[in-house]
Amino acid sequence: MSIEGFDLVTDTTRLSIFMVAAAVAAVILFIISIKNDEKIKLRFVFSVISFSLSITLIIFCYSLGKQTETAIAKTESELNDARLKYDNLLNRKNEIEQDRDGIKEELEEQNTELFFWRENAVIVTTTGEKYHRFDCKYVRDRPIYIYNVENAIYKGYTACMICDPPTR
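Okay, so let's go over this structure. (Residues numbered from 1 in each chain as written. Predicted model: local features only at pLDDT ≥ 70, side-chain atom pairs only at ≥ 80, totals over all residues. Heavy atoms only, no water.)

**Things to note about the sheet that holds strand β3 (residues 121-125)**
Using the following cut-off: Strands qualify as paired when DSSP identifies two bridges or more between them. The helix and strand labels rest on DSSP assignments: H or I over at least four residues marks a helix, E over at least two residues marks a strand, and numbering proceeds from the N terminus.
A sheet is described by the order of its strands in space; here 4 strands give the open sequence β5-β3-β4-β6, paired in mixed fashion. The two strands at the open ends of the sheet, each matched to only one other strand, are β5 (144-148) and β6 (158-159). Both strand β4 (residues 130-132) and β6 contribute to a ladder of 2 bridges, which runs parallel. The partner of Y131 across the bridge, within β6, is A159.

Given below as C-alpha cells:
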C-alpha cells in the first residue's frame, strides 16, 4: 500500500525495527546497571517491549488512517466527477429526445401534406391529354401544370394508365 512517496508497510516496518532496537538497547543498558533483581529485569524488559509495540501499533494505525482519508477523498472526488458526467449525459439525452420529438412532429406534418398532394393534386403537361402523379416518367423534364383531380377531369384530362393517379 503506497501513497505519494509513503509506503505504509515498508515505513512502518522500518519504524518497528528501530523501536525494537531502541527497546533492546534500553533493556541491555538497564540489565547492566541492575545485576541482582531478576523480577525487576523481567518487568522492565516486558514494559519496554510492550511500550515499543504499542508505539509501533499507534504509528501503524495513524498511517493507515491517513491512507484511508486520502483514499476516501480521492473516491469522493471521482464520485463527484462521475455525477457531473452523469448529469451532463442526462441533459444531453433530454436535448436529443426533444430534438427527436420535434423531428417527429415535423415529419408527421410533412406526411400529412404529402398525403394531401398525393390524393388531391395531379400533374398535366402543356401538350398532353392525361393527368399523372408527380413521379410519373411522362412528366419528367417537361413544362407542367398542377391541378386538383376534379379540375383536371373538368378540363378534359384522363388518368394515365402507367402511374395510376387518383380518379375520384
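So, next bit.
**Some details on the state of the cysteines**
Worth spelling out the cut-off: Put simply, a disulfide is two cysteine sulfurs that come within 2.5 Å. Accessible area is worked out with a 1.4 Å probe on protein chains only. A residue is then buried under 20% of its type maximum, exposed over 50%, and partly exposed in between.
Within this structure, the stated rule accounts for 0 disulfides. This cysteine, C160, is not joined by any disulfide, and C163 carries the nearest cysteine sulfur, 3.8 Å off. C160 sits in the buried class, given a relative accessible area of 5%. In this model C163 remains outside any disulfide bridge; the closest cysteine sulfur is found in C136, 3.7 Å from its own.

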